[in-house]
Amino acid sequence: MSRNLSRSFFLALVGASVLVGAQDAAAAETTATAGPPNIAGQELGLPSAPPEVRLLSVDDRSVFLQWDASTDVLGIKDYDVYQDGVKVKTVTTPQSSVTGLRSETAYSFQVRANAVDGRTSELSPALAVTTEEPRWASATYTCKIGPFGTRTVRVAIEPTFPRKLAANQSVAATNAGMRIEFDSVLADLLSEAVTLETGDQPLFNRFRFEQTGSSTESGRTFEAPVTVPPTPIVPGSELQLNATAAMPSISAPAAGIYLFGDLVLQLIARDENGDAFRLDIPGIDGGGIDSDPNTFEMRCSAPPVIFEGPMLAWVLWDDSDVLPPTKPINLTGTATTSTVNLSWGASTDNVGVVGYDVYQGDRKVARVTGTTATVSGLVQGTAYGFRVVAVDAAGGQTSSDPIMVSTQFPVPPPPPPFFLNTLAGSATLKTLTKGTLPLKGSLRANLSLATGSFSADLTLADTQGRLTALGFLPVTAKIGFVPSGKTTGTLLDGVLSSNSKVRIKVKEVKLFGSIPLAGGNNCQTKSLSDINLRSTGAFTVQQGGNLAGTFAISDLNGCGVLNGLVSPLTAGSGNTITLKLTPAA
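Residues numbered from 1 in each chain as written. Predicted model: local features only at pLDDT ≥ 70, side-chain atom pairs only at ≥ 80, totals over all residues. Heavy atoms only, no water.

S.K.: Would you mind going over the confidence of the model for the protein chain in detail, with residue names and values included?
M.R.: For the protein chain, per-residue confidence averages 75 on the pLDDT scale, and residues scoring 70 or more make up 66% of the total. A low-confidence stretch, residues 281–294 (pLDDT under 50), is modelled with 28 contacts involving residues beyond four sequence positions or located in other chains. (pLDDT = per-residue confidence, 0-100. Contact = heavy atoms within 4.5 Å.)

S.K.: Can you tell me about the sheet that holds strand β1 (residues 53–58), naming the residues and giving the values?
M.R.: Read across the sheet, three strands follow the order β1-β2-β5 without closing on themselves; strand pairing throughout is antiparallel. Taken across any chain shown, the strands that pair with only one partner, and hence form the sheet edges, are β1 and β5 (95–98). When the angles between neighbouring strand axes are averaged without regard to direction, this sheet yields 25°. Direction of pairing for β1 relative to strand β2 (residues 63–67): antiparallel, over a ladder of five bridges. Note that in β2 the partner of Val53 across the bridge is Trp67. (Pairing = 2+ DSSP bridges. Helix = DSSP H or I, 4+ residues; strand = E, 2+ residues; numbered from the N terminus. Axes fitted to C-alpha atoms, helices over the stretch in contact; angles between N-to-C directions.)

S.K.: For the side chain of Ser426, give the residues involved together with the corresponding values.
M.R.: You can see Ser426 is positioned in strand β30 (residues 418–430). Leaving out residues up to four positions away in the same chain, Ser426 has contacts with Thr436, Leu437, Pro438, Leu439, Thr576, Ile577 and Thr578.

S.K.: Any chance you could break down the environment of Gln380 for me, citing the residues and the numbers?
M.R.: Looking at the secondary structure, you find Gln380 in the loop between β26 (372–375) and β27 (383–392). For the pair Gln380 and Gln408, spaced 28 residues apart in sequence, the C-alpha to C-alpha distance is 5.6 Å. Not counting residues within four places of it along the chain, the set of residues in contact with Gln380 comprises Thr337, Thr407, Gln408 and Pro410.

S.K.: Tell me about the nonpolar core, and name the residues and values.
M.R.: Counting 42 residues, the largest nonpolar core has Ile479, Phe481, Phe551, Ile577, Leu579 and Leu581 as the members making the most contacts within it. Looking at this core element by element, the count peaks at six residues for strand β36 (residues 495–511). Apart from the residues lying within four places of it in its own chain, the contact partners of Leu579 are Leu423, Ala424, Gly425, Leu439, Leu533, Gly545, Asn546 and Leu547. (Core = buried A, V, L, I, M, F, W, Y, C linked by side-chain atoms within 4.5 Å. Buried < 20%, exposed > 50% of the residue type's maximum accessible area, 1.4 Å probe, protein only.)

S.K.: Quick rundown of the environment of Ser554? Include the residues and the values.
M.R.: With respect to the helices and strands, the residue Ser554 is situated in the loop between β40 (545–553) and β41 (556–557). Accessibility expressed as a relative area gives 19% for Ser554, which makes it buried. A sequence separation of 51 residues divides Ser554 from Arg503, and the C-alpha atoms of the two residues are 9.7 Å apart. A distance of 3.2 Å separates a polar side-chain atom of Ser554 from the backbone nitrogen of Lys526. Within polar-contact distance, the side chain of Ser554 engages the backbone nitrogen of Ser527 at 2.9 Å. (Polar contact = N/O pair within 3.5 Å; in protein donor to acceptor, adjacent residues only side chain to side chain.)

S.K.: Got a sec to walk through the pairing of strand β23 (residues 340–345)? Specific residues and values, please.
M.R.: The alternating pattern of β23 places Val340, Leu342 and Trp344 on a buried face and Asn341, Ser343 and Gly345 on a face that is not buried. Pairing of strand β22 (residues 329–335) with β23 involves five bridges; the strand directions are antiparallel. Within the sheet, the bridge partner assigned to Ile329 lies in β23 and is Gly345. Between β22 and the antiparallel strand that follows it, β23, lie four residues.

S.K.: Help me get a handle on the state of the cysteines, residues and values and all.
M.R.: Per the stated rule, a full pass over the model turns up one disulfide. Disulfide pairing is shown between Cys523 and Cys559; the S-S distance is 1.8 Å. Across the S-S bond linking Cys523 and Cys559, the dihedral sits near 80°, which makes this disulfide right-handed. Of this pair, Cys523 sits in the loop between β37 (515–519) and β38 (524–525) while Cys559 sits in the loop between β41 and α2 (563–570), placing them 36 residues apart in sequence. Exposure class is identical for Cys523 and Cys559. Each is buried. (Disulfide = S-S within 2.5 Å.)

S.K.: So what's going on with the packing of aromatic side chains? Residues and values would help.
M.R.: A full pass over the atoms with the stated rule returns four aromatic pairs. A ring pair is formed by Trp67 and Tyr79, whose centres lie 5.5 Å apart and whose planes are at 70°; its orientation type is edge-to-face. In this pair, Trp67 sits in strand β2 while Tyr79 sits in strand β3 (residues 76–83), placing the two residues 12 residues apart along the sequence. Look at Tyr384 and Phe386: their rings are 6.4 Å apart centre to centre, the planes differ by 40°, and that puts the pair in the tilted class. Judged by its relative accessible area of 13%, Tyr384 falls in the buried class. (Phe/Tyr/Trp six-rings, centres within 6.5 Å; stacked < 30°, edge-to-face > 60°.)

S.K.: Go over the sheet that holds β22 with me, naming the residues and quoting the values.
M.R.: If you walk across this open sheet you meet the three strands as β22-β23-β26, and the pairing is antiparallel. Of all strands in the sheet, those with a lone pairing partner are β22 and β26, marking the two edges. For this sheet the average axis-to-axis angle between neighbouring strands, irrespective of direction, equals 20°. Where β23 meets β26, four bridges bridge the pair, whose relative direction is antiparallel. From the neighbouring strand, Ser343 faces β26, where its bridge partner is Thr372.

S.K.: Which residues make up unusual backbone geometry, and what values do they have?
M.R.: The backbone phi angle of Leu470 is positive, close to 55°, even though this residue is not glycine. Here Leu470 is to be found in the loop between β33 (463–469) and β34 (473–483). In this structure, Asp493 takes a positive phi of about 50° despite not being glycine. Relative to the elements of secondary structure, Asp493 occurs in the loop between β35 (487–492) and β36. Overall, the relative accessible area of 82% leaves Asp493 in the exposed class.

S.K.: Run through the pattern of salt bridges, naming residues and quoting values.
M.R.: Close approach of charged atoms allows side chains of opposite charge to pair. Per the stated rule, a full pass over the model turns up 11 salt bridges. With its nearest N and O atoms 2.8 Å apart, the salt bridge here joins Asp117 to Arg119. Overall, Asp117 belongs to the partly exposed group, its relative accessible area being 30%. Taking relative accessible area as the criterion, Arg119 reaches 0% and is therefore assigned buried. With its nearest N and O atoms 3.9 Å apart, the salt bridge here joins Lys510 to Glu508. Judged by its relative accessible area of 24%, Lys510 is partly exposed. (Salt bridge = Lys/Arg side-chain N within 4 Å of Asp/Glu carboxyl O.)

So this is what it looks like as structure tokens:
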């Protein structure tokens, strides 16, 4: 038998066969957009169209779709789902499955919303989907079963081989799951429930290798034993068996094809006690093949039409790019507040890797030729999933393992090297003259970020207060603070310490608020006062904070004839000062 096999044939996995019979045509109708039903309806407008149809899952025969719910002033009744421009179903929720598809086939899906009064929306944008390779392949066999002639048996095999292999590539032995579905072959044979299992001769599939363009029918032939576990069968019920096919290790010497076609089944029935159950077949001595009353054998075959008729399975070996790339490994990601930088180990391919598709979740966001990529436009402090898919020239794809990467939260900026604070507080005198003087001013500082030290210009406004001298005399004093040089200090670990040297001027002192005692521009302390302050809580440049400290006042001079009287009233140590620094607006 001569077969001219093209290398461009689509390759199938063990068990991947062309199903017998065409799919039933889906109920269809045209996609004409329905307008508003009447003038009143026109005033209402149309329902909103689903903005996007999303693919939740896809396999070889079906897809599962989802979309955002449409809106309408009167409410949405249901949605029409379109496949390649033809309506295939109507659903009441914004999601739907579409079944009965062909494997490895491209489809287009759209959705239209229907309002409760019959108005319909525009169609959504189209979603393109290609179904996957077959997961279960099936074929219809014609089997000869003892005296009953030929019967129909449907066999489905779960793929376990790669469906595309390179010439000279070996495939190790593996197992394939199998389903065997009979028609009512045994419906009239069983008078009680039995257990059906593999007989002494195992079931097997027989297959053959043919080189591309070869005219020989012999080639290499293999058998794949199939084991059926004990399966309870009820009289009159359909017979369905689940089995395991032990596929051998095989390799192809050249480009070619392995054909899987013949099927032999030998089964034995046992009763509830485990004894062989005699099949009562009228007119047949012994009740079965070779006078064995407990065993029946079926020899089945499928039409040997390549790619056109039902065959159990076939695998094509080719010398083109039939191997997918190896898996990208060691995918890692580093993040900023809005980007993630990805890197991974390079994939290899028997022909060559043409690029890598980068996925953020289920959405492809980039195609790169190297082994790094940057994904931007992300939200700070958010976790994202990423994977990378290697792609070869023939469209073969292999995905990396997914990873999760979280973007960072913004890092607070360092304190500025310059800060300006307004200050407010009070100074309390604890000498012979007691009382409190309000304070106002500002502190303009330059901060060294490396050391935390600063120097500042201190400004204090003149202040006036009502004091008590000698414990009973009411005194009104107007005081000025004149800084001498820079205020210096440190801001480390949230603690501010400062030192200011200040000349204190007594500009006016009155007894009982009206009798002058001393004052003037020359009435001042003989020595500078050291004002040492320290923050009493956390201090930051951005928020400011509270400060407290002590200072001393030296003797006065230049205060006129009453200098000797006024100086003892003000001089002394133990005076306190409290301030609150607030960042200037």
